[in-house]
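# Close look at the chain arrangement
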Amino acid sequence: MKEMIKNTGIMLAITLIAGLVLGFIYQITKEPIAEQNARKKQEACQEVFQDAASFEPVEVREPDAAAWTAEGYGDERVDEVMSALDDSGSLLGYVITVTTREGYGGDIQFAVGVRMDGTVNGMSILDIAETAGLGMRAEDVLKPQFAGKQVEKFEYTKSGATSEDQIDAISGATITTNAVTNGVNAGLYYFQTELRGGSENE
């Protein structure tokens, strides 16, 4: 019995010390991680809106759930919205951060810049864990194809894009292509229904 009590006490002490150490490490690393994430988001905003002088957060309003699902965006969510402003403070468009759960290797998060006329100004991948040599080629293959396109909705093709609204799929990575395309479309739909015309200020 004494041995059992002794062992239990040792285990409790170890657990307590481990908890204190982890808590201490968390406090030390919390601020640098937050700063790194903030810097990463700022860089993504600047990447998709290079002509913007500043960015300001916009309240993310939940889209109509029924309409959102009906459009096929049940696996996508809008995480953050930033307004892109020029030197005079005029609104150039928005940077919309989207996460899609349709990736082959898990969630894919990216920022898409949309000008007030609906043109996709650029796209920056923030977090992706797809298959090396396949889905991870989204940065090189998919990202450039969205920039400068003014369409209502994109679709991907395996036979070569022939119109502005078509995106060439990554060879051997249809799931990743579909996830990214749907995610960009979700961002565009959110812009069209929640942000166009400055509706966030209503």
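These remarks concern the structure in this document. (Residues numbered from 1 in each chain as written. Predicted model: local features only at pLDDT ≥ 70, side-chain atom pairs only at ≥ 80, totals over all residues. Heavy atoms only, no water.)

### Observations regarding the overall build of the protein chain
Scanning the protein chain from N- to C-terminus turns up five helices and seven strands. Each helix and strand of the protein chain, ordered N terminal to C terminal, gives the series α-β-α-β-β-β-β-α-α-β-β-α. Scaling as 2.2 N^0.38, a compact globule of 202 residues should have a C-alpha radius of gyration of about 17 Å, whereas the protein chain reaches 22 Å, well beyond that. Overall, the C-alpha framework of the protein chain stretches about 80 × 45 × 35 Å when taken along its three principal axes. Looking at the protein chain as a whole, 38% of its 202 residues are labelled buried. Expressed as a percentage of contacts within the protein chain between residues at least 6 apart in sequence, the contacts between residues at least 24 apart total 57%. The positive charge centre, built from 16 side chains, and the negative charge centre, built from 32, are 9 Å apart in the protein chain. (Helix = DSSP H or I, 4+ residues; strand = E, 2+ residues; numbered from the N terminus. Rg over C-alpha atoms; globule rule 2.2 N^0.38 Å. Buried < 20%, exposed > 50% of the residue type's maximum accessible area, 1.4 Å probe, protein only. Contact = heavy atoms within 4.5 Å. Lys, Arg positive; Asp, Glu negative; His and termini not counted. Charge placed at Lys NZ, Arg CZ, Asp CG, Glu CD.)

### Things to note about the pattern of salt bridges
A full pass over the atoms with the stated rule returns six salt bridges. We note a salt bridge from Arg101 to Asp75, for which the minimum N-O separation is 3.3 Å. Remark: Asp75 occurs in the loop between helix H2 (65–70) and strand S2 (76–85) and Arg101 occurs in the loop between strand S3 (91–100) and strand S4 (108–115); sequence separation between them is 26 residues. Exposure remark for Arg101: the relative accessible area of 48% places this residue in the partly exposed category. The closest approach of N and O atoms between Asp79 and Arg77, which form a salt bridge, is 2.6 Å. Residue class for Asp79 comes out partly exposed when judged on its relative accessible area of 28%. Shared partners join several salt bridges into a network, and the residues in it are Glu47, Glu139 and Lys143. (Salt bridge = Lys/Arg side-chain N within 4 Å of Asp/Glu carboxyl O.)

### Some remarks on the side chain of Glu130
Within the secondary structure layout, Glu130 lies in the loop between strand S5 (120–127) and helix H3 (138–141). A polar contact of 2.8 Å, which involves the side chain of Glu130, links it to the backbone nitrogen of Tyr104. Glu130 has contacts with Gly103, Tyr104, Gly105, Gly106, Ile108, Gly135, Met136 and Thr176, leaving out every residue within four places of it along the chain. (Polar contact = N/O pair within 3.5 Å; in protein donor to acceptor, adjacent residues only side chain to side chain.)

### With respect to the packing of aromatic side chains
Per the counting criterion, the structure on display carries five aromatic pairs. Ring plane angle 55 degrees and centroid distance 6.3 Å describe the contact between Tyr94 and Phe191, whose orientation is recorded as tilted. Highlighted residues: Tyr94 in strand S3 and Phe191 in helix H5 (residues 174–195), separated in sequence by 97 residues. The residues Tyr94 and Phe191 share a single accessibility class, namely buried. Here the aromatic cluster, defined as three or more aromatic residues joined through ring pairs, consists of Trp68, Tyr73 and Tyr189. (Phe/Tyr/Trp six-rings, centres within 6.5 Å; stacked < 30°, edge-to-face > 60°.)

### As for the nonpolar core
Among the nonpolar cores identified, the biggest contains 32 residues, and Val81, Ile96, Met123, Phe146, Phe154, Val184 and Leu195 are the most heavily contacted of them. Elements with a minimum of two residues in this core: S2, S3, S4, S5 and H5. Filtering out sequence-adjacent residues up to four positions away, Val184 remains in contact with Phe110, Val112, Met123, Phe146 and Phe154. Counting residues in hydrophobic clusters, the runner-up holds twelve residues, among them Cys45, Met82, Ala111 and Leu126. (Core = buried A, V, L, I, M, F, W, Y, C linked by side-chain atoms within 4.5 Å.)

### A word on the pairing of S2
For S2, the tally of buried residues reaches seven of ten residues, placing the bulk of the element in the interior. As paired elements, strand S1 (residues 54–58) and S2 share five bridges and run antiparallel to each other. Residue pairing across strands places Glu56 opposite Ser83, the latter belonging to S2. (Pairing = 2+ DSSP bridges.)

### A short note on the pairing of S5
Among the eight residues in S5, six count as buried, and that is most of the element. Strand direction decides the pairing type here: S4 and S5, joined by six bridges, are antiparallel. Bridge assignment links Val114 to a residue of S5, and that residue is Val120. What sits between S4 and S5 in their antiparallel hairpin is a turn of four residues, with Gly118 showing a positive phi close to 90 degrees.

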